[in-house]
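These are the residues of each chain, in order.
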Amino acid sequence: MCGIVGYAGARPATPILVRALRDLEYRGYDSAGIAVLGSADGEGLVITKRVGKIVNLESALDSSPGNEATVGIGHTRWATHGRPSDLNAHPHTSCGGEVVVIHNGIVENYAALRSALTARGHTFASETDTETIAHLMEERTRSGLPLLEALRLTIGELEGSHAIVAMSPSEPGAIVAARVGNAGGVVVGYGEGEMLVASDLAAILPHTQQVAFLASHQLARVDRGGAAYINGDGSPATVEPHRVPIDPVSALKGQYEHFMLKEIMEQPEALSDTIRSLVTIEPAGIHLPDLGAMSDRLSEVRRVILIGMGTSLHAAMVGRAFIERLSGVPAETDNASEFRYRDPVLGPGTLVVSVSQSGETVDVLEAMAVARAKQAMQITICNTEGAQTTRVAGGTVYTRAGLERGVASTKCFTTALVALYALALRMGEANGYLARERIAGHIQDLARLPDAVARVLQDHTPYRALANHFYDARHFLFLGRGLAFPVAMEGALKLKEISYIHAEGYAAGEMKHGPIALVDRSFPTVAVAPAHALRSKLVSNIEQIQARGGEVIVVASEGDDELAALADHAIFMPAVPEFVEPFVATVPLQCLSYYIALRRGCDVDQPRNLAKTVTVE
Ligand code: AGP
C-alpha cells in the first residue's frame, strides 16, 4: 500500500523524489521520507522523514542538506507495524548506517528476525518490520558482498510479500530493488541518462514512458547508465522495457477541486474510450483484443466465478447478472480474500473472472494464484496496462478509464461494467446463446450510454441540495433489487469511504428481515429504483420505511412521477434499457457521496485509513 520511488541520474534528486511522492500519496499518507546520497559538500547519506502528509516532509526538507544529491529514494507510508511517527517513517537504516531501505509489504516473521538480530548486537531505532531488512543487508555488505547480492540473500530470509528498494554509501550512484510475491509492483523507468524505480507508474510517467516491470523474485540494480536484472537464484534475468501508453496529463487535477470529482466528470469520455476499444457499432461486433489464448476457449466455459474486492467486487456482482443473462452460463461471485482460503471446487470448464482496476490488489492476486493452481481458465478486467493480474490471467479485458487517483473508485467501476458487459456478449456469441440481432441491439444500447451518463452529470444542484439536507446524518441505508442491488452496495461503500457516515447496502427484499428495525426519522434510505430494477417491489419497501418515519431519497427513471411523489426526495436519471441502468444509476450516488463528504469537510481524495491500492492482507 505504501508508495516507493528511487532516482539515479544527473539532476537533483530531492525535487524529483518529492514530486513522485506527491504522485504516490494516494497509496498511503500517514508519513513520508526521503534519503539522498552525496550531499552538496561531498558524500554522505541524508535522511529526512516526517509524520503526516508530504507537505510536512517538504517543510523539513527546506532546512535539510543534500539538495544537490543526484541519487535518492523516497517513501510514503500506510502503517502496518508501528504507529505513524517520524521514527517509524521510511527510509530505515541499519545500525551502522551502511544500508538504507524503503519497503512495501509485511515481514511476517519480523519478531523472530528482530530478536535474532538484537541477540547479534544490532540496535533498532524504530518499531517497524522494515528495519530488519536494513540490518540483515548490512550483515552481508559488511562481509564484502555487493548491495544486490546482499538484497538477494536477505529476501530469502523474509516471510511474506515485498517490494524493497535500497541503497548504500558503499555503492554511490546505485539503487537496488526486489519484488517478492504480490505485495506490490516494482516498475523500472528508463529516462535519458537517468533511471527510476517505483511502486507504480504514476511516479515514473512524468519522466519517461519506457518502463519494465519486475516479476516476483526478480531483482534490479539501476544506476544512471541503465539497469541489470537477476532472478532470486542469482541467475541473470531478461526483463525487457516497453513503452506504456498512458498520458501523464490525465494525472492532473485540472479545473477540479478533487480528483474524485474530476474522475466522476470524466466518465462519459472514459466510457466512450472503453466502449470504442471493445466494440464496433457498424458493423456490430465485439472485439476483445487482449483475450489472447482465452479467445478460442469461451465456448468451453460451463461455469463462471467472478472475484474482486470492494468496488471491483460490486462490479463483479453486476457482471454476474450480465454473464448469466447474456450467455446462459451459470455465474457466481466471491470476495477474493474469501475465495483464496476456502479451497474452492473448480471443475473443468470453470472460468474465473477477476476484476481489479489496479491489477495489484494482493487478495485478488492470491485468489488468482489459487485458481491457477487448480487449472481454471482465467480472464481479468483491469485498468492498468501490464499490471500483475494481466500477467497471471490467460486473457485480459482492459478498461480505458485513464489513471484513477481518487481513493474512492468511480470511473473504474463504470468502465469495468462495460468490460463485463462486452465479455458477457462475447461469451453469448461464442456459445451460440445470443442471436446476432440481440448482440447488435446491446451494442446500440452501449453506444448511447456515454450520453446518458453525461446527462446525469449536467446539473449538480440536486446533489448539493441533498448534501445540505443530509450531511449530518449518522447512518444511511441503500436499497436496490436485481441489477440495482450491487449499485446500492456501491453507493453505501462510496458514502462510508469518503464521508465516514455509516452506510449499509442491502437487497431491498432483505430489509424487512432485520434492517428495518433501525429505521426512524434520523435514518435516511436511498432507494435505487430505475424502471427495470423490480421497481414495483421497491415501491412497497419505500412505503414500509415511510410508515416507520424514515426519509427516502429515490433514484428513479425520468418520467416516474409516481415514485417521485411517493418519496421524500427524488433524483432522476435518463430512462435507459435494463442492462445500462446500473451504469447510469451509479453516477448520482457517486455525486451524492462527494457532495456530502465535501459539506462535512472531509479529505475526499485521501480519506483516513485508506489507500488506493491494497497490497497487504
Ligand atoms: C473503492 O472505492 C475502494 N477504494 C476499494 O474498495 C477498491 O475498489 C478495492 O481496494 C479494489 O481495488 P482494485 O480494483 O484496484 O483491485
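Reference entry: report on the structure contained in this document. (Residues numbered from 1 in each chain as written. Predicted model: local features only at pLDDT ≥ 70, side-chain atom pairs only at ≥ 80, totals over all residues. Heavy atoms only, no water.)

1. Section: the overall build of the protein
Okay, so step 1: For the protein, the count of helices and strands is 19 helices and 26 strands.
Okay, so step 2: Relative to the globule expectation of 25 Å for 617 residues, the C-alpha radius of gyration of the protein, 25 Å, shows essentially globular dimensions.
Okay, so step 3: Structurally, the protein occupies a C-alpha span of about 80 × 55 × 45 Å along its principal axes.
Okay, so step 4: Here the protein holds 617 residues, and the buried ones make up 60% of them.
Okay, so step 5: A sequence separation of at least 24 residues applies to 71% of the contacts in the protein between residues at least 6 apart.
Okay, so step 6: Accessible area of the protein: about 22,100 Å², with a carbon and sulfur share of 50%. (Helix = DSSP H or I, 4+ residues; strand = E, 2+ residues; numbered from the N terminus. Rg over C-alpha atoms; globule rule 2.2 N^0.38 Å. Buried < 20%, exposed > 50% of the residue type's maximum accessible area, 1.4 Å probe, protein only. Contact = heavy atoms within 4.5 Å. Areas by Shrake-Rupley, 256 points an atom, 1.4 Å probe, with all protein chains shown as cover.)

2. Focus on empty space enclosed by the protein
Okay, so step 1: By the definition in use, this model includes five cavities of 30 Å³ or more.
Okay, so step 2: By volume, the second largest cavity amounts to about 70 Å³.
Okay, so step 3: Around the second largest cavity, the lining residues are Cys2, Arg77, Trp78, Ala79, Thr80, His81, His90, His103, Gly105, Asp129 and Thr130.
Okay, so step 4: The class makeup of the residues in the lining of the second largest cavity is three nonpolar, six polar and two charged. (1 Å grid on protein atoms, 1.4 Å probe; cavity = no way out; pocket = protein on both sides within 12 Å on 5 of 7 lines; lining within 4 Å. Points joined across faces, edges and corners; volume = space filled by probe spheres on them. Nonpolar A, V, L, I, M, F, W, Y, C, P; charged D, E, K, R; others polar.)

3. Examining the packing of helix α13 (residues 411-430) against helix α19 (residues 581-599)
Okay, so step 1: In contact at an axis separation of 10 Å, α13 and α19 are set at 170° when each is read in the N-to-C sense. Comparing their axes, α19 and α13 come out roughly antiparallel. Across the interface between the two elements, Phe413, Thr414, Leu417, Val418 and Tyr421 of α13 pack against Pro582, Phe583, Thr586 and Gln590 of α19. (Axes fitted to C-alpha atoms, helices over the stretch in contact; angles between N-to-C directions. Parallel < 35°, antiparallel > 145°, perpendicular 65-115°, else oblique.)

4. Some words on the nonpolar core
Okay, so step 1: Membership of the largest hydrophobic core comes to 90 residues, with the highest contact counts inside it found for Val304, Phe322, Leu449, Phe476, Phe583 and Val584.
Okay, so step 2: Those residues in contact with Leu449, other than ones at most four positions away along the chain, are Leu271, Ile275, Val418, Val580, Phe583 and Val584.
Okay, so step 3: Formed by 27 residues, the second largest nonpolar core is a distinct cluster that contains Val5, Ile54, Val211 and Val244. (Core = buried A, V, L, I, M, F, W, Y, C linked by side-chain atoms within 4.5 Å.)

5. Examining the state of the cysteines
Okay, so step 1: Using the criterion set out here, one finds zero disulfides in the structure.
Okay, so step 2: With no disulfide of its own, Cys382 has Cys412 as its nearest cysteine by sulfur position, at a separation of 8.8 Å. (Disulfide = S-S within 2.5 Å.)

6. A word on the site of the ligand
Okay, so step 1: Around the ligand, the surrounding shell holds 15 residues, and the nearest of these are Ser312, Ser356, Ser358, Thr361 and Glu497.
Okay, so step 2: Interatomic distance of 3.2 Å between a backbone N/O atom of Thr311 and an oxygen atom of the ligand.
Okay, so step 3: One nitrogen or oxygen atom from the main chain of Ser409 is found 2.8 Å from an oxygen atom belonging to the ligand.
Okay, so step 4: According to the grid-proximity analysis, the pocket containing the ligand is the largest pocket.
Okay, so step 5: Partitioned by chemical class, the residues of the shell around the ligand number five nonpolar, eight polar and two charged. (Near = heavy atom within 4 Å. Polar contact = N/O pair within 3.5 Å; in protein donor to acceptor, adjacent residues only side chain to side chain. Sits in = over half its atoms within 2 Å of the grid points.)

7. Overview of the environment of Ala116
Okay, so step 1: Structurally, Ala116 can be placed in helix α3 (residues 110-119).
Okay, so step 2: In this structure Ala116 comes out as partly exposed when scored by relative accessible area, which is 31%.
Okay, so step 3: Separated by 157 residues in sequence, Ala116 and Asp273 place their C-alpha atoms 55 Å apart.

8. Here's the deal with the packing of helix α14 (residues 436-456) against α19
Okay, so step 1: In contact at an axis separation of 9 Å, α14 and α19 are set at 20° when each is read in the N-to-C sense. For the element pair α14 / α19, the angle class is roughly parallel. Helix-helix and strand crossings are classified by hand; for α14 and α19 the assignment is right-handed. Within the contact between the two elements, α14 uses Leu449, Ala452, Val453 and Val456 and α19 uses Phe583, Val584, Val587 and Pro588.
Okay, so step 2: Split into classes, the residues belonging to the contact of α14 with α19 amount to eight nonpolar, no polar and no charged. (Left-handed = near helix turned anticlockwise from the far one by under 90°.)

9. What to know about the sheet that holds strand β17 (residues 303-308)
Okay, so step 1: Strand order in the open sheet formed by five strands is β18-β17-β19-β20-β21, and the pairing between neighbours is parallel. Edge positions in the sheet fall to β18 (331-335) and β21 (395-398), since each of these pairs with one other strand and no more. Across the sheet, the mean angle from the axis of one strand to that of its neighbour is 20°, orientation sign disregarded. (Pairing = 2+ DSSP bridges.)

10. A short note on the side chain of Ser354
Okay, so step 1: When you line up the elements, Ser354 lands in strand β19 (residues 350-356).
Okay, so step 2: Note on Ser354: relative accessible area 0%, which makes it buried.
Okay, so step 3: Once residues within four sequence positions are removed from consideration, Ser354 is found in contact with Ile307, Val364, Met368, Ile379, Thr380 and Ile381.

11. Examining the packing of aromatic side chains
Okay, so step 1: Summed over the entire model, instances satisfying the criterion amount to eight aromatic pairs.
Okay, so step 2: Where Phe470 meets Phe476, the ring centres are 5.7 Å apart and the plane angle is 65°; that geometry is what we call edge-to-face.
Okay, so step 3: Taking the relative accessible area as the measure of exposure, Phe476 reaches 0% and is therefore buried.
Okay, so step 4: A network of ring pairs unites the aromatic residues Phe322, Tyr421, Phe579 and Phe583 as a single cluster.
Okay, so step 5: The ring of Phe259 carries Arg405 above its face, with NZ or CZ at 4.7 Å from the centroid.
Okay, so step 6: Taking NZ or CZ as reference, Arg599 lies 3.8 Å from the ring centre of Tyr471, over its face. (Phe/Tyr/Trp six-rings, centres within 6.5 Å; stacked < 30°, edge-to-face > 60°. Lys NZ or Arg CZ within 6 Å of the ring centre and 35° of its normal.)

12. Let's talk about the layout of surface pockets
Okay, so step 1: Its boundaries defined by the atoms lining it, the largest pocket holds a volume of some 500 Å³.
Okay, so step 2: Taken together, 24 residues form the lining of the largest pocket, with Met309, Gly310, Ala611, Lys612 and Val614 sitting closest to its centre.
Okay, so step 3: Going through the elements one at a time, α9 (310-327), β19 and α16 (484-499) are the ones with two or more residues in the lining of the largest pocket.
Okay, so step 4: Tallied by class, the residues present in the lining of the largest pocket amount to ten nonpolar, ten polar and four charged.

13. Section: the environment of Val180
Okay, so step 1: Here Val180 shows up in strand β8 (residues 175-180).
Okay, so step 2: Put simply, Val180 and Glu159 are 21 residues apart on the chain and 9.5 Å apart in space, counted from C-alpha to C-alpha.
Okay, so step 3: With near-sequence residues (within four places) excluded, Val180 lies in contact with Ile155, Gly160, Ser161, His162, Ser216 and His217.

14. Considering helix α11 (residues 362-373)
Okay, so step 1: Between its first and last C-alpha atoms α11 spans 16 Å; for twelve residues at 1.5 Å apiece the expected length is 16 Å, and the two agree.
Okay, so step 2: Buried residues dominate α11, accounting for nine of its twelve residues.
Okay, so step 3: Residues Val362, Asp363, Val364, Leu365, Glu366, Ala367, Met368, Val370 and Ala371 constitute the buried set of α11.
Okay, so step 4: The inward-facing, buried residues of α11 contact β8, β17, α10 (336-339), β19, β20 (377-382) and α12 (388-392).
Okay, so step 5: The positive-phi residue at the C-terminal boundary of α11 is Gln375, with phi of around 60°. (Expected span 1.5 Å × (residues − 1).)

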